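Structural features, examined
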Number of protein chains: 4
Amino acid sequence: MLRDTQAGVPSPVIDPSSARSVVRTRVRFVETDLMGIVHHGNYVIYLELARVEWLRRRGLTYADWASRGLHLPVVDLTLRYRAPARFDDELDVETTLVEVRAATVRFDYRIIRVSDQKLCTEASTRLARVDADHALRRIDDDLASELLRPEVQA
Amino acid sequence: MLRDTQAGVPSPVIDPSSARSVVRTRVRFVETDLMGIVHHGNYVIYLELARVEWLRRRGLTYADWASRGLHLPVVDLTLRYRAPARFDDELDVETTLVEVRAATVRFDYRIIRVSDQKLCTEASTRLARVDADHALRRIDDDLASELLRPEVQA
Amino acid sequence: MLRDTQAGVPSPVIDPSSARSVVRTRVRFVETDLMGIVHHGNYVIYLELARVEWLRRRGLTYADWASRGLHLPVVDLTLRYRAPARFDDELDVETTLVEVRAATVRFDYRIIRVSDQKLCTEASTRLARVDADHALRRIDDDLASELLRPEVQA
Amino acid sequence: MLRDTQAGVPSPVIDPSSARSVVRTRVRFVETDLMGIVHHGNYVIYLELARVEWLRRRGLTYADWASRGLHLPVVDLTLRYRAPARFDDELDVETTLVEVRAATVRFDYRIIRVSDQKLCTEASTRLARVDADHALRRIDDDLASELLRPEVQA
């Protein structure tokens, strides 16, 4: 069985300047709720779209994932809500790869409102590498080196 | 090519008393928007869940659909918004099969707030019978007779 | 009572070249369903975000709406699904103002996949001008002339 | 300033048998994604609807909240995904009040598939008591005793 924390498999060293991308999005009307603010569940969506873009900027498009049977479902998720975002706010989702293990990776996030640089949300997600049948698969050296590349498009 | 309105293929006669089911749901907090009412896009979801339940009450569960390669995607949709629904409202979705053609069916809907019997939304959807590759398929006699059954569970 | 089709209130002439904006969006993972395509309800969201951007390009930002008590809820909606869009597709939402009446406006839409120019969806929405209490309000000459402006930012 | 962990304000003792409710829901088609399973963001919605029902069974309906200016936004949230849920699955959301502090409460959750009693998701949320202006407010004795009541409707 594949263990996620194997002795003797050192996590690769992550260069912080390469590991971070900032993805901008704008709050949609449908993402608000009757409190007049962004519904707390929608920040999960912001994390996801930022992650997809983080991967794209390193050459990992969805067409690639599909052809390689590469899937990275979220296995755990933490969110801390600091300040509410509102309809039409532009948000920067700072997305940083912080850990690469045998079969999982972890990203940390800070969601910041562009207009006043207010920190709205902090978050962290762990993702597992699985195949099309949801079976855990090793993050091999090729994939690891792709994840450790700097972004090519800001 | 399969035509949806073939000469010589009469639409089966629909018994109005069999063709109608009422499915109750309750508005979720996440379904509201900053106007304090249900976001207009969420009524599409209410139609869908009512349709799934309409089929279940005639013995057509999702396990069946999947095993038979049966899919019924929406090909057109009309909604008229009459009165806003709000968080925690109980809604009755009256769902009526009104037409069965060679490869499509049409359902009409009325969404009514339970507390005051206010009509919130009227809607209509046409669905096409397709296979797993999205290719149009005939609604054969077996499927038609299943659709024309009365509901067994109220 | 405010009537939407008043004798003697001619609808303003709409210049087709001014009335149209194209808003690009990209399909999010969460917007797909188990059929592997965009869930049909999510096109309602694409229409909404295109409309918000259509207004912004004519100087009507949400900050404006709020300060003026201007709301434009959807009162009816029609969608025809032509071809499925998929995760990560870029979509152009062509959004055209086609009618301005006493208290309502109508927009027509064509959602086109950028990669192959495939028409995915056609749609139409009617919106009513209401105040913060959901009461119908006249679209006065000032608002009409704002709506009839050409976009300033492509 | 209101502190959430005040010396001398002991957290009330929570009776585990009173503090737990099980709320059943069924996975909607729209809640799935192209992996064929429930999108991970939708579990946040299941927690929310279970919490609303948990409160209702203790006499705290939304009509009450609104009239008392009572709001309980989520301030932090943790989710661990154990097994995927699928379209049409019935899910039991076990919801337990585990902590009542000066201005916040914490609920823990286990989401279990009814058919095979598989644990799909574990979760925890902290909610803050705020007023309509999002200002933190004390959970007074009246509210605390309402929260500590057993459910009246199973």
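Preceding this section is the structure that the text describes.
Right, let's walk through the structure included here. (Residues numbered from 1 in each chain as written. Chains lettered and ligands numbered in written order. Predicted model: local features only at pLDDT ≥ 70, side-chain atom pairs only at ≥ 80, totals over all residues. Heavy atoms only, no water.)

So, the overall build of chain A
This is how the line gets drawn: Here a strand is any run of E in DSSP of at least two residues, a helix any run of H or I of at least four, and the numbering for each starts at the N terminus. With C-alpha atoms as the basis for the radius of gyration, the globule rule is written as 2.2 Å multiplied by the number of residues raised to the power 0.38. For every residue, the accessible area (1.4 Å probe, protein chains only) is compared with the maximum for its type, and the residue is labelled buried under 20%, exposed over 50%, or partly exposed between those bounds. Reported accessibility uses the Shrake-Rupley method at a 1.4 Å probe radius. Residues are deemed covered only where the shown protein chains occlude them. His is not counted here, nor are the chain ends, while Lys and Arg score as positive and Asp and Glu score as negative. The location of each charge is read from NZ of Lys, CZ of Arg, CG of Asp or CD of Glu.
In terms of helices and strands, chain A carries three helices and five strands. Traced from its N-terminal end to its C-terminal end, chain A shows the element sequence β-α-α-β-β-β-β-α. What you see for chain A is a C-alpha radius of gyration of 16 Å, in line with the 15 Å of a compact globule of 154 residues. Its C-alpha atoms give chain A principal-axis dimensions of about 50 × 30 × 30 Å. Per-residue burial for chain A yields a buried fraction of 58% across its 154 residues. For chain A, the exposed surface amounts to about 6700 Å²; the carbon and sulfur share of it is 49%. For chain A, the distance from the average position of its 23 positive side-chain charges to the average position of its 24 negative side-chain charges is 3 Å.

Focus: the relation of the copies chain B and chain A
The two chain copies are related to each other by a rotation about an axis together with a translation along it. Just so we agree on the cut-off: Residues reaching a pLDDT of at least 70 in both copies supply the C-alpha atoms on which the copies are superposed by least squares. Should any heavy atoms of two residues lie within 4.5 Å, those residues are counted as being in contact.
After a rotation of 180° and a shift along the axis of 0.0 Å, chain B superposes on chain A with an RMSD of 0.0 Å. Each copy turns onto its partner about a two-fold axis. Considering only C-alpha atoms, the residue of chain B closest to the rotation axis is D33 of chain B, which sits at 2.0 Å. The fraction of interface residues of chain B whose copies in chain A are also interface residues reaches 100%, indicating that both copies meet through the same surface.

Remarks on the interface of chain D and chain A
Let me state the cut-off plainly: Salt bridges are counted wherever a side-chain nitrogen of Lys or Arg sits within 4 Å of a carboxyl oxygen of Asp or Glu. Two N or O atoms form a polar contact when they lie within 3.5 Å of each other; inside protein one atom must be a possible hydrogen donor and the other a possible acceptor, and for residues adjacent in sequence the pair counts only when both atoms belong to side chains. Each residue gets one label: Ala, Val, Leu, Ile, Met, Phe, Trp, Tyr, Cys and Pro are nonpolar, Asp, Glu, Lys and Arg are charged, and the others, such as Gly, are polar. Should DSSP find at least two bridges between two strands, the strands are taken to pair.
Taken residue by residue, the interface counts 22 residues in chain D and 22 residues in chain A. Taken together, chain D and chain A are joined by zero salt bridges. Joining chain D to chain A, the criterion identifies six residue pairs in polar contact (both at pLDDT 80 or more). At the level of elements, α1 (42–56) and β2 (74–81) of chain D are the ones that each hand at least two residues to the side of chain D that touches chain A. It is β2 of chain D that contributes the most residues to the side of chain D that touches chain A, eight residues altogether. By residue class, the composition of the side of chain D that touches chain A is 11 nonpolar, six polar and five charged. Summarising the sheet, strand β2 (residues 74–81) of chain A and β2 of chain D pair through five bridges and their orientation is antiparallel.

Thoughts on the relation of the copies chain D and chain A
With an RMSD of 0.0 Å, the fit of chain D onto chain A corresponds to turning through 180° and sliding 0.0 Å along the axis. With an isologous cut-off of 70% or more, the 100% of interface residues of chain D that recur at the interface of chain A puts this contact in the isologous class.

Quick notes on the interface of chain B and chain A
Facing nine residues of chain B, the contacting portion of chain A comprises nine residues. Viewed at the interface, chain A and chain B are joined by zero salt bridges. The interface formed by chain B and chain A includes four residue pairs in polar contact (both at pLDDT 80 or more). Looking at the side of chain B that touches chain A residue by residue, the classes come out as five nonpolar, three polar and one charged.

So, the sheet that holds strand β3 (residues 90–100) of chain C
What counts is decided by this rule: As a rule, the C-alpha atoms of each element are fitted with a line to give its axis, helices using only the stretch in contact, and angles between N-to-C directions run from 0 to 180 degrees.
Strand order in the open sheet formed by 10 strands is β1(B)-β3(B)-β4(B)-β5(B)-β2(B)-β2(C)-β5(C)-β4(C)-β3(C)-β1(C), with antiparallel pairing between adjacent strands. At either end of the open sheet lies a strand with only one pairing partner, and these are β1 (20–26) of chain B together with β1 (20–26) of chain C. Averaged over all neighbouring strand pairs, the angle between strand axes comes to 20°, with direction disregarded.

Here's the deal with the pairing of β1 of chain C
Residues and elements named next belong to chain C. Burial along β1 is one-sided: the face carrying S21, V23 and T25 is buried and the face carrying R20, V22, R24 and R26 is not. As paired strands, β1 and β3 are joined by seven bridges and run antiparallel to one another. For T25, the partnering residue across the bridge sits in β3 and is L91.

With respect to the packing of aromatic side chains
Spelled out, the test is: The aromatic pairing rule takes the rings of Phe, Tyr and Trp, using the six-membered ring of Trp, and pairs them if the centres are within 6.5 Å, calling planes under 30 degrees apart stacked, those over 60 edge-to-face and the rest tilted. The rule is short: NZ of Lys or CZ of Arg within 6 Å of the ring centre and within 35 degrees of the ring normal puts a charge over the ring.
Counted by the stated rule, this structure contains 32 aromatic pairs over all chains. Relative to W65 of chain A, the ring of Y62 of chain A lies with its centre 5.4 Å away and its plane at 80°, an arrangement referred to as edge-to-face. Placement of the pair is Y62 of chain A and W65 of chain A together in helix α2 (residues 62–68), with a separation of three residues, close to one helical turn. For the pair Y62 of chain A and W65 of chain A, a shared accessibility class is recorded, and that class is buried. Within the aromatic cluster, the residues linked to one another by ring pairs are F29 and F87 of chain A together with Y62 and W65 of chain C. Sitting over the face of the ring of W54 of chain A, R58 of chain A holds its NZ or CZ atom 3.7 Å from the ring centroid.

Some words on the environment of D15 of chain B
Relative to the elements of secondary structure, D15 of chain B occurs in the segment before β1. A sequence separation of 134 residues divides D15 of chain B from R149 of chain B, and the C-alpha atoms of the two residues are 9.0 Å apart.

Looking at the pattern of salt bridges
If you walk through the whole model with that rule in mind, you get 68 salt bridges over all chains. Among the ionic pairs, D92 of chain A bridges to R24 of chain A, the shortest N-O distance being 2.8 Å. Here R24 of chain A lies in strand β1 (residues 20–26) and D92 of chain A lies in strand β3 (residues 90–100), a separation of 68 residues in the sequence. When the shortest N-O distance is used, the salt bridge between R26 of chain B and E90 of chain B registers 3.9 Å. Of this pair, R26 of chain B sits in strand β1 while E90 of chain B sits in strand β3 (residues 90–100), and the two are 64 residues apart along the sequence. With relative accessibility at 29%, the residue R26 of chain B sits in the partly exposed group. The exposure class assigned to E90 of chain B is partly exposed, which follows from its relative accessible area of 30%. One network of salt bridges, with partners in common, ties together R26, D88 and E90 of chain A together with E53, R56, R57 and E151 of chain C.

A word on the environment of L148 of chain A
Residue and element names in this part refer to chain A. Mapped onto the elements, L148 comes out in the segment after α3 (141–147). Classification of L148 by relative accessible area gives partly exposed; the value is 25%. When sequence neighbours within four positions are dropped, the list of residues in contact with L148 reads P12, V13, I14, S18 and L97.

Remarks on the environment of W65 of chain A
Exposure remark for W65 of chain A: the relative accessible area of 11% places this residue in the buried category. Polar side-chain contacts of W65 of chain A include one of 3.3 Å to the backbone oxygen of L60 of chain A.

Some details on the side chain of D92 of chain B
In this structure D92 of chain B comes out as buried when scored by relative accessible area, which is 12%. Setting aside residues up to four positions removed in sequence, D92 of chain B forms contacts with V22, V23, R24, R110, I111, I112 and V114 of chain B.

Brief notes about the side chain of R57 of chain A
All names here are of chain A. Looking at the element boundaries, R57 is found in the loop between α1 (42–56) and α2. Under the relative-accessibility criterion, R57 is labelled buried at 7%. Of note is the side chain of R57, whose polar atom sits 3.3 Å from the side chain of E151.

Structural notes on the pairing of strand β5 (residues 119–128) of chain B
Residues and elements named next belong to chain B. Burial within β5 is extensive, with nine of its 10 residues counted as buried. Pairing geometry for strand β4 (residues 104–113) and β5, over nine bridges, is antiparallel. Across the sheet, residue F107 finds its bridge partner in β5, namely T125. With antiparallel pairing between neighbouring strands as the criterion, β4 and β5 make up a hairpin whose turn holds five residues, including Q117 at a positive phi of roughly 55°.

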